[in-house]
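# Observations on the three-dimensional arrangement
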Amino acid sequence: MTETGAVRTGPPGVLARLPGRVPPLVADAALAAALFLLTLGPGRVADGTGFALQTALVLPLVWRRRAPRSAFGVIAAAALAQWLLGVQLPADAALLVALGTVTARAPYRSAWAAGLVAVAGAVLAAARWAPEGRFLASAAAMTAAVAASALLGANTRIRRAARAERLARLERDRDERERRAVEEERARIARELHDSVTHGLSVVVALADALGHARPADASAVTARIAETGRQALTDMRRALGLLQDAGTDAGPGDDRRSPPGIGQLGALCERMEAAGLVTRLRVDGEAAGVPAAAQLTVHRLVQESLTNVLRHAPQGTRAEVRVSCAPGAVTVEVTDDGRAGGTGRRGSAGSGLGLTGMRERAAAFGGVLEAGPRPGDGWRVFVRLDPGGAS
């Protein structure tokens, strides 16, 4: 019995799911029954005609929300028949309820038309039943009741529209948060891939260059290093790509995604750099066991990217030193080298590119600020202090 053209405000699916709501049809039926009983009594409905009019005035309230204009039209017709028959009934209050519903739910043009019909009915009722000399006062009082009903309906419309807008805004905000989360996850995976692939390829290229100058006796060792580095790069890449899978996917007992690299793997990292031709010294102070796994992964990636930059941009014979200090509430990382700091490649890597940009983002995730720049004299320095307890 739903009318075409009725105004729908707000997402019905959301409103329908609100808990503890009485079904509208049940609430409207209860309202109609209550109004029927309250206006039914001795001296009010004297015969069958009055009872029929009483029913015709009240019964349409049952579908007032599903078809507000139809309900108002039936009640108005019953009120007109009542006026023509000269039967005065308190159930005329149903017309005010129907008017408020039309004002709250129907298009504005229908609301204005219903309001004019209700005002005309108030004037006709005052003309017929007002005490002598009280026509204007009665008409004014009933017109005020009509206006109050219309205002209550308009207020309901405004509140419903505001609520619908609030719900729509919450849904838009939720969608925006989900979109940002996806973008951040993609950026994080891109950093993981960049760090692992760039490091692995840089080491492989350095080892391949060294292979051309190696003695036959050392060639097999260099080749083995290349293969080992390639396998490690593939493992890191699979781990990063594994982040794209659902969190609920069961991992096998040998799944590398369960053991991301951390501070404990820095020694193996430095060995790979040494094999590629970069003499690297590592010093770790404090207990790394108390540092969260996510912070340890960040430390590992910061050192890995820093050493990769040294390998790519510093001249042959450069020496690097890595210092990691683990203290309660803080982890400091410092990577220095004694190569020439004035190279064009080194300056470019400091100010742009995904490498240092990703390093700064990793540091910021743990409340750290990355410092990268030339050392006095020759060399380069990367320093960051992380706050594992303040991860964003």
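Shown above is the structure to which this text applies.
Attention here is on the structure that accompanies the text. In this text, all values refer to a predicted model and were calculated from it rather than measured experimentally.

## Looking at the overall build of the chain
Looking only at helices and strands, one finds twelve helices and five strands in the chain. Taking all 392 residues of the chain together, 37% fall into the buried category. Of the accessible surface of the chain, which amounts to about 21500 Å², a share of 59% is contributed by carbon and sulfur atoms.

## Quick look at the environment of A365
Within the secondary structure, A365 sits in the loop between helix 12 (354–364) and strand 4 (371–374). For A365 and T298, which are 67 residues apart along the polypeptide, the C-alpha to C-alpha distance reads 9.2 Å.

## What about the packing of helix 3 (residues 48–58) against helix 4 (residues 68–85)?
At a minimum axis separation of 8 Å, helix 3 and helix 4 run at an interaxial angle of 155°. The orientation of helix 3 with respect to helix 4, classified from their angle, is roughly antiparallel. The handedness of the crossing between helix 3 and helix 4 comes out as left-handed. The residues of helix 4 that touch helix 3, namely those facing T49, L53, A56 and L57, are V74, I75, A78, A79, A81, Q82 and L85. Taken together, the residues that form the contact of helix 3 with helix 4 break down as nine nonpolar, two polar and no charged.

## Some details on the sheet that holds strand 5 (residues 380–386)
Within a sheet, neighbouring strands are paired by backbone hydrogen bonds and run either parallel or antiparallel to one another. If you walk across this open sheet you meet the five strands as 1-2-3-5-4, and the pairing is mixed. Across the chains shown, the open sheet's two edge strands, defined by having one partner strand only, are strand 1 (279–285) and strand 4. When the angles between neighbouring strand axes are averaged without regard to direction, this sheet yields 10°. Across seven bridges, the pairing between strand 1 and strand 2 (residues 319–327) is parallel. Bridge pairing in strand 2 places T280 opposite A320.

## What to know about the pairing of strand 3 (residues 330–337)
Here is the key point about a regular strand: its side chains alternate between the two faces of the sheet. Taking burial as the measure, the eight residues of strand 3 include seven buried ones, the bulk of the element. As judged from the eight bridges shared by strand 2 and strand 3, these two strands associate in the antiparallel manner. When the sheet's bridge partners are listed, E321 is paired in strand 3 with T336. In textbook terms, the turn of a hairpin is the stretch between consecutive antiparallel strands, and for strand 2 and strand 3 this stretch comprises two residues, one of which, G329, has a positive phi near 85°. In terms of strand pairing, strand 3 meets strand 5 through seven bridges, oriented antiparallel. Across the sheet, residue T332 finds its bridge partner in strand 5, namely R385.

## Quick word on the packing of helix 2 (residues 24–38) against helix 3
Contact geometry for helix 2 and helix 3: axes closest at 10 Å, N-to-C directions at 150°. Considering the angle they form, helix 2 stands roughly antiparallel to helix 3. Helix 3 is crossed by helix 2, and the crossing has right-handed handedness. Across the interface between the two elements, A32, L35 and F36 from helix 2 touch F51, Q54, T55 and V58 from helix 3. Taken together, the residues that form the contact of helix 2 with helix 3 break down as five nonpolar, two polar and no charged.

## Focus on the nonpolar core
Core analysis: the biggest nonpolar cluster contains 36 residues, and I263, V299, V303, L307, V324 and L386 have the highest contact counts within it. At the level of elements, helix 7 (135–213), helix 9 (266–275), helix 10 (293–313), strand 2, strand 3, helix 12 and strand 5 are the ones that each hand at least two residues to this core. Per element, the largest residue contribution to this core is seven residues, and it comes from helix 10. With residues near it in sequence (within four places) discarded, V303 still touches L266, L269, V322, V333 and V335. In this structure, A32, L61, L89 and V146 belong to the second largest nonpolar core, which totals 25 residues.

## Examining the pattern of salt bridges
The tally for this structure, following the rule as stated, stands at ten salt bridges. Where R64 meets D28, a salt bridge forms, and the shortest distance between an N and an O atom there is 3.1 Å. Of this pair, R64 sits in the loop between helix 3 and helix 4 while D28 sits in helix 2, placing them 36 residues apart in sequence. Each member of the pair, R64 together with D28, is buried. Residue E334 pairs with R381 through a salt bridge whose shortest N-O separation is 2.7 Å. Of this pair, E334 sits in strand 3 while R381 sits in strand 5, and the two are 47 residues apart along the sequence.

## Details of helix 5 (residues 93–105)
The terminal C-alpha atoms of helix 5 lie 19 Å apart, and with 13 residues this matches the ideal 18 Å at 1.5 Å per residue to within 8%. By the burial criterion, the buried members of helix 5 are A94, L95, A98, L99, G100, T101, V102, T103 and A104.

## Here we look at helix 3
Helical geometry note: an α-helix holds 3.6 residues per turn, so side chains three or four residues apart project in the same direction. Along helix 3, the positions that sit buried rather than exposed are G50, L53, Q54, L57 and V58. Angular distribution of buried residues about the axis of helix 3 spans 120°; they occupy a single face of the element. Residues of helix 3 that are buried make contact with helix 2, helix 4 and helix 5.

Analysis parameters
- Residues numbered from 1 in each chain as written.
- Predicted model: local features only at pLDDT ≥ 70, side-chain atom pairs only at ≥ 80, totals over all residues.
- Heavy atoms only, no water.
- Helix = DSSP H or I, 4+ residues; strand = E, 2+ residues; numbered from the N terminus.
- Buried < 20%, exposed > 50% of the residue type's maximum accessible area, 1.4 Å probe, protein only.
- Areas by Shrake-Rupley, 256 points an atom, 1.4 Å probe, with all protein chains shown as cover.
- Axes fitted to C-alpha atoms, helices over the stretch in contact; angles between N-to-C directions.
- Parallel < 35°, antiparallel > 145°, perpendicular 65-115°, else oblique.
- Left-handed = near helix turned anticlockwise from the far one by under 90°.
- Contact = heavy atoms within 4.5 Å.
- Nonpolar A, V, L, I, M, F, W, Y, C, P; charged D, E, K, R; others polar.
- Pairing = 2+ DSSP bridges.
- Core = buried A, V, L, I, M, F, W, Y, C linked by side-chain atoms within 4.5 Å.
- Salt bridge = Lys/Arg side-chain N within 4 Å of Asp/Glu carboxyl O.
- Expected span 1.5 Å × (residues − 1).
- Arc of directions from axis to C-beta.

Any functional reading would require information that these geometric values do not contain.
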